Amino acid sequence: MLTLASKLKRDDGVRGPRASNPASDSTRRVSVRDKLLVKEVAELEANLPCTCKVNFPDPNKLHYFQLTVIPDEGYYQGGKFQFEIEVPDAYNMVPPKVKCLTRIWHPNITETGEICLSLLREHSIDGTGWAPTRTLKDVVWGLNSLFTDLLNFDDPLNIEAAEHHLRDKVSQWFI
C-alpha cells in the first residue's frame with residue numbers, strides 16, 4: 001500500500017537534489033503541510049496518551065483523521081468520544097479544524113460538535129491560542145484534557161451544560 005510517507009521518500013529519490021524537469025515537478029510537488037504532517041504524525045503516534053486512539057481512514061491523506069478519546073477518570077470515565085480532525089492547506093499557520101462527532105453534554109463542547117479549546121483558536125486573547133510552533137500532538141493532548149484538567153465550568157461554550165453541572169454534580173454527562 002502506498003502511503004504519503006513512502007511517496008515523499010520515493011519522490012525525493014527520483015528528483016534528487018535539483019529538479020531537471022520543472023513541468024514534472026509541479027505535478028509531483030508535495031505541500032509544506034504534507035511534509036510537516038509526515039513528521040508530526042510519527043511524533044503523535046509515538047506520544048499518544050493511553051486514553052486516545054487515532055485512525056487514518058486513508059493513509060495517503062494524513063490531513064484528515066479521527067481521534068477516539070476514552071477517559072479513564074473524571075465525569076466522563078467510561079465514555080467513548082469521537083473527533084474528526086482536518087488539517088487545512090495553510091497549516092501550520094492556522095490550526096486544524098476539529099469537530100466532536102459524539103453527542104455529549106459538556107461545558108466546552110456544543111451538542112453540534114463545536115469545541116472551545118484555546119489552542120484551536122487562530123486568535124486568542126489570553127495568548128494560548130494557535131501558534132506555528134504547536135503540533136498535532138498538542139491538539140490531541142488538549143482534546144484529551146477536555147475530559148480531565150481542562151474541563152471548564154467557569155467560561156463555558158455550552159452554558160446549559162455548565163449550569164446543569166452546578167445544579168447536579170453527580171449525574172451522567174453522556175447523551
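Residues numbered from 1 in each chain as written. Predicted model: local features only at pLDDT ≥ 70, side-chain atom pairs only at ≥ 80, totals over all residues. Heavy atoms only, no water.

Caption draft 1: Spotlight on the UniProt feature "active site" (unreviewed entry) in the protein chain. As recorded in UniProt, the feature "active site" (unreviewed entry) lies at C116. Residue position: C116 is located in the loop between strand 4 (97-100) and helix 4 (136-145). A relative accessible area of 18% means that C116 is categorised as buried. When near neighbours in sequence (up to four residues on either side) are disregarded, C116 contacts N108, R121, L146 and L157. (UniProt positions renumbered as here; feature names shortened; annotations may be inferred. Helix = DSSP H or I, 4+ residues; strand = E, 2+ residues; numbered from the N terminus. Buried < 20%, exposed > 50% of the residue type's maximum accessible area, 1.4 Å probe, protein only. Contact = heavy atoms within 4.5 Å.)

Caption draft 2: Geometry of the packing of aromatic side chains. All chains considered together, the criterion is met by six aromatic pairs. Ring centres of F56 and F65 lie 5.0 Å apart, and the angle between their planes is 35°; this geometry places the pair in the tilted category. Here F56 falls in the buried class, since its relative accessible area comes to 16%. Summarising the aromatic geometry, the rings of Y76 and F147 are spaced 5.4 Å apart at their centres and angled 75° between planes, so their arrangement reads as edge-to-face. Of this pair, Y76 sits in the loop between strand 2 (64-69) and strand 3 (81-86) while F147 sits in the loop between helix 4 and helix 5 (159-167), placing them 71 residues apart in sequence. Here Y76 matches F147 in class, with each residue buried. An aromatic cluster of three or more residues is present, and its members are Y76, F81, F83 and F147. (Phe/Tyr/Trp six-rings, centres within 6.5 Å; stacked < 30°, edge-to-face > 60°.)

Caption draft 3: Quick peek at the nonpolar core. Core analysis: the biggest nonpolar cluster contains 33 residues, and F83, I115, L143 and F147 have the highest contact counts within it. Breaking this core down by element, the ones donating at least two residues are helix 3 (32-46), strand 2, strand 3, strand 4 and helix 4. (Core = buried A, V, L, I, M, F, W, Y, C linked by side-chain atoms within 4.5 Å.)

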